Amino acid sequence: MIVAAKTKSVSKEAVRPSNRLVVWLEDVRNSDIPIVGGKGASLGEMINAELPVPRGFVVTAQAFREFIEVTGIMDRLFKMLEVNVDDPKALDRASADAKKLIMDTPMPKNIEKAIRDYYATLCKREGEEVYVAARSSATAEDLPEASFAGQQETFLNVKGADDLVRDVQKCWASLYGARAIYYRVEQKFPHEQVSIAVVVQKMVDAEEAGVMFTNHMTTGEDVTIIEAAWGLGESVVSGAVSPDTYLVDNKTFEIRQKKIATKQTMITRDKKSRKSKQIAVPEAKKNVQVLPDDVIVKLAKLGQIVLDHYGKPQDIEWAVKDGELYLLQSRPITTIQKREAKEGLASGEVILEGLGASPGVVSGTVKIIHGRDELDKVLEGDILVTKMTEPDMVPAMKRSAAIVTDEGGMTCHAAIVSRELGTPAVVGTREATRLLKDGQMVTVDGQKGHVLLGALKTTEEKPSEEAKVTAVAVATKPITATEVKVNVSIPEAAERAKATMADGVGLLRIEHMILGLNTHPQVYIKGGRSDEYVNELVKGIRTVADAFYPKPVWVRTLDAPTDEFRAMKGGEGEPYEHNPMLGMRGIRRDLRETEHFKLEMAAFKKLFDLGYDNIGIMLPLVQHPVELKRAKQMMLECGIDIEKVDVGIMVEIPASALIIDDFIKEGIDFVSFGTNDLTQYTLAVDRNNELVADLYNELHPAVLKLIEYVIERCNKAGVKTSICGQAGSRPEVARRLVGMGITSISANIDAVEAVREMVARTEHEIILDAARKRVV
Ligand SMILES: Nc1ncnc2c1ncn2[C@@H]1O[C@H](COP(=O)(O)OP(=O)(O)OP(=O)(O)O)[C@@H](O)[C@H]1O
Ligand SMILES: CC(=O)C(=O)O
Ligand SMILES: [Mg+2]
């Protein structure tokens, strides 16, 4: 046994690539990374594990070195790269010059001959002139496992020795793409120490292709996740298509789950031009399961072999041609991140900045989402990157380790939902979807609002739901005279909210429940399905009311602007408004679309009938007491006993603050400051407009003056006051509000503890001050 093993290794030694210009893939091992790059080495390993990997050869890093050395271009090349990479024009020029130099310098004859010879042998083996892929596989001296994933180019559908030689040279040139140069300078990799190998591998003209993860990335579940689509795998990797997703049990190889997506596009090879092109999937195949069950199982089994071989969870690309399965690439799922950190690749360089909307630091793989049909791309532990999240993205947001958006402020959908889910988020980066790249490893710092390149440390696993719940629970809860409540938007967050031991819910937003249905209320109303709609509302509200019973839960009636409602199924009829923030939203809308308001009231009535005496009704964006009067009339008409129910208004328009006495006269049990709106309307700063975000200041003296006035008037009249705007989550604001005599403060889940502490401290100070005065 020992002898046999020894013999085997000796015989392999004989064909070690070491100084070779070109080597067969089957002769490559992991230890050859410095000469064939990570991609080449991994493919060689897989072939040796007898996995179905397309055959081919590698033009080694040695060949590239020899090219620049013997042609005498080396010094000139490296000189060209001495450039200020922060000057985009200079960087582009350096890149163009370096690439031109590589392309214009004829390849030494011996290298060219070696490539031609190997290609000829490959063709002979296959019995025809084969199509190959020329795949860049960069490598760094002394850093055998450095990852340059995605920095260099890959050429598909290459046929004929002439084209191949040219494309190998193109791969070489791609080592000097602007982004690659920038990356190396940023990461402090001397250009001289970086080289490039080119894997030349038989093309699999895939009929079906995709990716496979041998383990559930964060939950650690022992399942394989397979994503599959029609045509070449590029469509899945680039995110051009929303693929099927299959989940296979790694022990029993039972298919646990199949999600069949509508696959709109596919990438194929054009026989004439030899180029890949994106075409529409034929209607008949769009909704068809891509892989038959037996192939799914076979693929999952192959994945387990790769996993066993490497001993680490793998992220694998695969393709099917004529019913045969091929593996095109494999890389570790989690260890890539650790490695990058260890090698300093994750230098902690901030590559993107925005607003830290939900705290926490986490690393993961970027998944850029352009539309809801791509949401399946987001797997557990990924970083969801999108222009702006929408309510029907919530399931994907729950799977994400962090969320990054182009648009939005602290009170946008992404910010609110992330905070409730306990998921770090950075919003309003302006260019996340443009700057970040699918598959890129980044670290999101939701406190500072930074996105950093690479994984800073071993990726923190996304905490389990229980861990999250206990994380927000507190060991000792100070007793405060001012109640400290919590804001809730999605019923799913009820348990986390409850774990804060808050004194109730100061704001339950109804619109997130409605938007989550992704069907416009009008669709229910017109389709005679009003009961269904009412039941959905009851279900959502009840979840939260149950969790907090008997503590009060103030439910706000619908406040969704037309622009948000338009995106919903059936929302096409929503009017276009110049400024939706100043338009049809809040109570003014419900008082016009009374049909809808009545459904909300029907839901409340049902809940009251069920015995939920802890629910209060809060009206948003109230501007004039007439609105309050009409709303109360309608409540009565809907059978709600308003004497028994707490009814209040949100103070979020300066007008209602200034005439608060008139509202008190009309009859209210409480007011709640919607400081997000109160700030935007007082300061004339659209809170969704990043251009004026610097002017948005919840502590502006005018805002504080309005709040102070309302608290004073309400305290005189015995009307409770509260705050449910974002400012209430800031301890320093809480401090002032306690000083003004507010009755309660409602904060985001993650802020409850800090706010409570500040409230307790402030109250103690006030008492202490008073006591001291008495003593003096
Ligand atoms: N032999 C092949 N047959 C068919 N398709 C291939 C083959 N090799 C690569 N591809 C396709 O080309 C895509 C890009 O290839 P490759 O992995 O070389 O580049 P990359 O993903 O840009 O690089 P990196 O893995 O370094 O980030 C793959 O995702 C795969 O879909
Ligand atoms: C919470 C809310 O609606 C606001 O602050 O405006
Ligand atoms: Mg508001």
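Position labels on residues start from 1 in each chain and follow its written sequence. Working convention: letters from A go to chains and numbers from 1 go to ligands, in the order in which they are written. Note on the predicted model: pLDDT of at least 70 is required for a residue's local features to be given, and 80 or more for side-chain atom pairs to be given and counted; whole-chain, interface and lining totals, by contrast, use all residues. To get the side-chain values, all heavy atoms of the structure are used, and hydrogens and water are removed first.

> Describe the overall build of the protein, listing the residues and the values that go with them.
Each helix is a run of H or I in the DSSP string that is no shorter than four residues. Each strand is a run of E no shorter than two, and both are numbered from the N terminus. For the protein, the count of helices and strands is 30 helices and 29 strands. With a 1.4 Å probe rolled over the protein chains alone, any residue whose accessible area is under 20% of its type maximum counts as buried; one over 50% counts as exposed, and the rest are partly exposed. Within the span of the protein, comprising 776 residues, buried residues form 57% of the whole. Only the protein chains shown count as cover for residues, with accessible areas throughout obtained via the Shrake-Rupley method and a probe of 1.4 Å. When the accessible surface of the protein is summed, it comes to about 32,400 Å², and 52% of that surface belongs to carbon and sulfur atoms.

> Outline the site of ligand 2, listing residues and values.
The nearness test applies per residue and asks whether one of its heavy atoms lies within 4 Å of the molecule or strand. Lining the immediate surroundings of ligand 2 are L507, R509, R556, M650, E652, G674, T675, N676, D677, C724 and G725. Think of a polar contact as two N or O atoms within 3.5 Å of one another; within protein, one of them needs to be a possible hydrogen donor and the other a possible acceptor, and neighboring residues in sequence only count if both atoms come from side chains. Contact between ligand 2 and G674: an oxygen atom at 3.4 Å from a main-chain N or O atom of the residue. One of the backbone nitrogen or oxygen atoms of D677 is found 2.9 Å away from an oxygen atom of ligand 2. Compared with its free state, where it exposes 220 Å², ligand 2 has 98% of that area covered by protein. Only protein atoms enter the 1 Å grid used here, on which a cavity is any set of points holding a 1.4 Å probe that cannot leave and a pocket is any open set flanked by protein within 12 Å on both sides along at least five of seven lines; residues with an atom within 4 Å of a point are listed as lining. Put plainly, a molecule is in a cavity or pocket when over half of its atoms are within 2 Å of the grid points there. In this structure the site holding ligand 2 corresponds to the second largest pocket. Of all the elements in the fold, those that place two or more residues in the shell around ligand 2 are strand 23 (505-509) and helix 27 (675-683). No other element matches helix 27, which puts 3 residues into the shell around ligand 2. Considered class by class, the residues forming the shell around ligand 2 number 3 nonpolar, 4 polar and 4 charged. Put simply, Ala, Val, Leu, Ile, Met, Phe, Trp, Tyr, Cys and Pro go in the nonpolar bin, Asp, Glu, Lys and Arg in the charged bin, and everything else, Gly too, in the polar bin.

> Explain helix 28 (residues 701-717) to me, and be specific about the residues and the numbers.
Here the expected length of a helix is defined as 1.5 Å per residue gap, with one fewer gap than residues. Taking 1.5 Å per residue, 17 residues should reach 24 Å; helix 28 reaches 24 Å between its end C-alpha atoms and fits that length. Taken together, the buried positions of helix 28 are V703, L704, L706, I707, V710, I711 and C714. One side of helix 28 carries all its buried residues, which in axial view fall inside an arc of 160°. Exposed and facing more than 90 degrees away from the buried side of helix 28 are P701, K705 and K716. The directions considered for the arc run from the helix axis to the C-beta atoms.

> Run through helix 7 (residues 161-173), naming residues and quoting values.
In a regular helix each residue adds 1.5 Å, so 13 residues correspond to 18 Å; helix 7 covers 18 Å between its end C-alpha atoms and thus fits that length. Among the residues making up helix 7, those that are buried are A161, L164, V165, D167, V168, Q169, C171, W172 and A173.

> Give a description of the side chain of E208 that names residues and reports values.
Inspection of the secondary structure puts E208 in strand 6 (residues 208-213). It is K285 that comes nearest to the buried, bridge-free E208 among opposite-charge side chains, at 5.9 Å. Whether two residues are in contact is decided by their heavy atoms, any of which lying within 4.5 Å being enough. The contact partners of E208, leaving out residues within four places of it in the chain, are A229, W230, G231, V290, L291, W318, A319 and V320. Under the counting rule used here, the positive set is Lys and Arg, the negative set is Asp and Glu, and His together with the chain ends is not counted. Definition used for salt bridges: Asp or Glu carboxyl oxygen within 4 Å of a side-chain nitrogen of Lys or Arg.

> Go over the confidence of the model for the protein, please, and point to the residues and values.
Detailed conclusions should not be drawn from predicted coordinates in areas where pLDDT is low. In the predicted model, the protein carries a mean pLDDT of 86, and 89% of its residues have values of at least 70. In this model residues 1-16 is a low-confidence stretch, pLDDT under 50, and it forms 8 contacts with partners more than four residues away in sequence or in other chains. Each residue carries a pLDDT score, the predictor's confidence in it, ranging from 0 to 100. This model gives residues 470-475 a pLDDT under 50, and the stretch forms 10 contacts once residues within four places in sequence are excluded.

> Describe the coordination of the magnesium ion (ligand 3), naming the residues involved and giving the relevant values.
Donor selection uses N, O and S atoms within 2.8 Å of the metal (3.2 Å for Na, K and Ca). Since no water is included, sites may look incomplete. At the metal site, the magnesium ion (ligand 3) is ligated by E652 (OE) and D677 (OD), and these contacts range over 1.9 to 2.1 Å. Within this pair, whereas E652 is found in the loop between strand 26 (647-651) and helix 25 (654-658), its partner D677 is found in helix 27, the two being separated by 25 residues in sequence. For E652, a relative accessible area of 1% gives the class buried.

> Outline the packing of aromatic side chains, supporting the account with residue identities and numerical values.
Aromatic pairs are defined between Phe, Tyr and Trp rings, using the six-membered ring for Trp, whenever the two ring centres lie within 6.5 Å; interplanar angles under 30 degrees are classed as stacked, those over 60 as edge-to-face, and all others as tilted. Within the structure shown, the criterion is met by 10 aromatic pairs. Here the aromatic rings of W24 and F57 are separated by 5.8 Å at their centres, their planes lie at 90°, and the arrangement is edge-to-face. With a gap of 33 residues between them, W24 in strand 1 (residues 22-24) and F57 in strand 2 (residues 56-59) connect regions that are remote in the sequence. Overall, the relative accessible area of 14% leaves W24 in the buried class. Among the aromatic residues, those joined into a cluster by ring pairs are F64, F67, W172 and Y176. Any Lys NZ or Arg CZ that is within 6 Å of a ring centre and within 35 degrees of that ring's normal is treated as a charge sitting over the ring. Just above the ring of W230 sits the side chain of K285; from NZ or CZ to the centre is 4.3 Å. Positioned above the aromatic ring of Y576, the side-chain terminus of R566 is 3.7 Å from the ring centre.

> Before we move on, could you go through empty space enclosed by the protein and cite the residues and values that matter?
Grid points are joined across faces, edges and corners, and a volume is the space filled by probe spheres set on the points. Across all of its chains, the model carries 3 cavities of 30 Å³ or more by this definition. Looking at the largest cavity, its volume works out to about 90 Å³. Lining the largest cavity are 12 residues, with I416, R419, R509, Q726 and N748 sitting closest to its centre. Looking at the lining of the largest cavity element by element, the count peaks at 3 residues for helix 14 (residues 413-421).

> I'd love a proper account of the sheet that holds strand 22 (residues 483-488), names of residues and values included.
Here a strand pair is declared whenever DSSP counts at least two bridges between the two strands. Pairing in this open sheet of 8 strands is parallel, and the strands run 28-27-26-25-24-23-22-29 from one edge to the other. Two strands in the sheet have a free side with no partner beyond their single neighbour: strand 28 (720-723) and strand 29 (744-747). Going across the sheet, the axis of each strand differs from the next one's by a mean of 30°, ignoring polarity. Across 3 bridges, the pairing between strand 23 and strand 24 (residues 553-556) is parallel. Opposite V505, over in strand 24, you have V553 as the bridge partner. Angles shown run from 0 to 180 degrees and are taken between the N-to-C directions of axes, each axis being a line fitted to C-alpha atoms and, for helices, limited to the stretch in contact. In the packing of helix 24 (residues 625-637) onto the sheet, the strands contacted are strand 25 (615-619) and strand 26, and the crossing angle to strand 25 comes to about 140°. Lying on the sheet, helix 28 is in contact with strand 26, strand 27 (670-673) and strand 28; it crosses strand 27 at an angle near 165°.

> Go over the sheet that holds strand 16 (residues 361-369) with me, naming the residues and quoting the values.
Spatial strand order, 14-21-20-16-17-18-19-15: 8 strands in an open sheet with mixed pairing. Both outer strands of the open sheet, strand 14 (350-353) and strand 15 (355-358), are each paired with one neighbouring strand and no more. For this sheet the average axis-to-axis angle between neighbouring strands, irrespective of direction, equals 30°. By the bridge criterion, 3 bridges tie strand 14 to strand 21 (residues 450-453) in an arrangement that is antiparallel. Residue pairing across strands places V350 opposite L452, the latter belonging to strand 21.

> Can you tell me about the layout of surface pockets, naming the residues and giving the values?
Counted as a void, the second largest pocket has a volume near 1,000 Å³. In this structure, the second largest pocket is lined by 48 residues; those nearest its centre are M388, H413, D563, E564 and N688. Elements with a contribution of two residues or more to the lining of the second largest pocket: helix 14, strand 23, helix 18 (511-517), helix 21 (562-566) and helix 27. Of the residues in the lining of the second largest pocket, the class split is 15 nonpolar, 16 polar and 17 charged.

> Let's hear about the pattern of salt bridges: which residues, and what values?
Tallied over the full model, the rule gives 42 salt bridges. Its salt-bridge partner being K605, residue D609 comes within 2.9 Å of it at the nearest N-O pair. Separated by 4 residues within a single helix, D609 and K605 lie in helix 23 (residues 594-609), roughly one turn from each other. For D609, a relative accessible area of 55% puts it in the exposed group. On the basis of relative accessible area, K605 is assigned to the partly exposed category, the value being 26%. A cluster of three or more residues bridged by salt bridges with shared partners is formed by K109, E112, R116 and D162.

> Mind laying out the packing of helix 20 (residues 530-548) against helix 23, listing which residues take part and the relevant values?
Two elements in contact, helix 20 and helix 23, have axes whose closest approach is 9 Å; the angle formed by their N-to-C orientations is 50°. The angle between helix 20 and helix 23 falls in the class oblique. The way helix 20 lies across helix 23 gives a crossing that is right-handed. Residue-level inspection shows S530, Y533, V534, N535, L537, V538, I541 and R542 of helix 20 in contact with helix 23, the latter providing H596, L599, E600, A602, A603, F604, K606 and L607. Split by residue class, the contact of helix 20 with helix 23 holds 10 nonpolar, 3 polar and 3 charged. Throughout this description, any angle smaller than 35 degrees is read as roughly parallel, any larger than 145 degrees as roughly antiparallel, any in the 65 to 115 degree range as roughly perpendicular, and the remainder as oblique. Working rule for handedness: look at the near helix, and if it is turned counterclockwise from the far one by less than a right angle, call the crossing left-handed; if clockwise, right-handed.

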